[in-house]
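# Coordinate analysis (summary)
So the chains spell out like this:
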Amino acid sequence: MTGRTCLITGANSGIGKETAIGLARMGARVVLVCRNQQKGQDALADIQRETGASQLDLLIADMSSFGSVRALATQVHQRYPRLDVVINNAGAAVRYRTLSADGIEMTVAGNYLGAALLTILVAMINGRTVRARAF
């Protein structure tokens, strides 16, 4: 994975963090996307300490907010000339019906629509092409 840039949403804990650790160990530049700045910085420090990797970046975005996802896509395009892998891992289990900032049920907005929007935006800006795989 050396020379590859990989973006992972929900990278501050669980599967996202473990995936970031694995990719960092393989030599990839890993872009962690987290909703909470402090938790993201803590995860970044943990991953650096555990892997010794220096090619780690942190971006902050709320995947349930379309405005936040659009801002994230803009940052990605400004900072990275190439994005090789996008792992849409962020998700939440919302116990009670709650609406996102865009008026969409929170689970649908954060777990599905935000990921779809991010994928489309990072693929389309600047005429990039994308090969998508669903596992």
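Residues numbered from 1 in each chain as written. Predicted model: local features only at pLDDT ≥ 70, side-chain atom pairs only at ≥ 80, totals over all residues. Heavy atoms only, no water.

## Brief notes about the overall build of the chain
Spelled out, the test is: Secondary structure is summarised from DSSP: a helix means a run of H or I of at least four residues, a strand means a run of E of at least two, and numbering begins at the N terminus for each. Atoms counted for the radius of gyration: C-alpha only. Globule rule: 2.2 Å times the number of residues to the power 0.38. Each accessible area is a Shrake-Rupley estimate made with a 1.4 Å probe; only the visible protein chains count as cover when residues are assessed. Just so you know, the count uses Lys and Arg for positive and Asp and Glu for negative, and it drops His and the chain ends. A charged residue contributes its charge at one atom only: NZ of Lys, CZ of Arg, CG of Asp or CD of Glu.
Within the chain, the regular secondary structure consists of 4 helices and 4 strands. Along its sequence from the N terminus, the chain presents helices and strands in the succession β-α-β-α-β-α-β-α. For 135 residues, the compact-globule estimate of 2.2 N^0.38 gives 14 Å, and the chain sits close to it at 14 Å. Here the C-alpha coordinates of the chain stretch approximately 40 × 35 × 25 Å along the principal axes. Per element, the accessible surface of the chain, about 7,800 Å² overall, is 51% carbon and sulfur. Side-chain charges in the chain split into 15 positive and 9 negative, and the spacing between the mean points of these groups amounts to 5 Å.

## Things to note about the pattern of salt bridges
The cut-off we apply is this: We define a salt bridge as a side-chain nitrogen of Lys or Arg found within 4 Å of a carboxyl oxygen belonging to Asp or Glu. Burial here depends on accessible area, computed with a 1.4 Å probe over protein chains only, as a share of the maximum for the residue type. Under 20% is buried, over 50% is exposed, and the range in between is partly exposed.
Using the criterion set out here, one finds 5 salt bridges in the structure. Two residues, aspartate 46 and lysine 17, come together in a salt bridge whose shortest N-O distance is 2.8 Å. With aspartate 46 in helix 2 (residues 37-51) and lysine 17 in helix 1 (residues 14-25), this pair connects stretches of sequence that are 29 residues apart. In this structure aspartate 46 comes out as partly exposed when scored by relative accessible area, which is 25%. The partner of arginine 29 in a salt bridge is aspartate 57, with the nearest N and O atoms 2.8 Å apart. Residue arginine 29 is found in strand 2 (residues 29-34), and its partner aspartate 57 is found in strand 3 (residues 56-60); the two are separated by 28 residues along the sequence.

## Remarks on the environment of glycine 14
Within the secondary structure, glycine 14 sits in helix 1. Exposure remark for glycine 14: the relative accessible area of 47% places this residue in the partly exposed category. Each C-alpha atom, one on glycine 14 and one on serine 54, is 21 Å from the other, the two residues being 40 residues apart in sequence.

## Brief notes about helix 1
Defined as follows: Here the expected length of a helix is defined as 1.5 Å per residue gap, with one fewer gap than residues. The contact definition used throughout considers only heavy atoms, calling two residues in contact when any of these lie within 4.5 Å.
Its 12 residues give helix 1 an end-to-end C-alpha distance of 17 Å, which sits within 8% of 16 Å, the value for a rise of 1.5 Å per residue. Looking at helix 1, one finds that the buried residues are Gly16, Lys17, Ala20, Ile21, Leu23 and Ala24. Buried positions along helix 1 lie against strand 1 (5-9), strand 2, helix 2, strand 3 and strand 4 (85-87). Two residues or fewer after helix 1 comes glycine 27, characterised by a positive phi angle close to 95 degrees.

## Structural notes on the pairing of strand 3
Inclusion rule: Here, any two strands with at least 2 DSSP bridges between them count as paired. Crossover handedness is defined here as right-handed if the route from the first strand over the helix to the second strand goes clockwise, with the strands pointing away from the viewer.
Buried residues dominate strand 3, accounting for 4 of its 5 residues. Two strands pair when backbone bridges link them, and strand 2 and strand 3 are joined in this way by 5 bridges, in the parallel orientation. Residue pairing for strand 3: leucine 32 is matched across the bridge by leucine 58. Viewed along the sheet, the connection from strand 2 through helix 2 into strand 3 turns out right-handed.

By themselves, these are just geometric observations and shouldn't be taken as functional.
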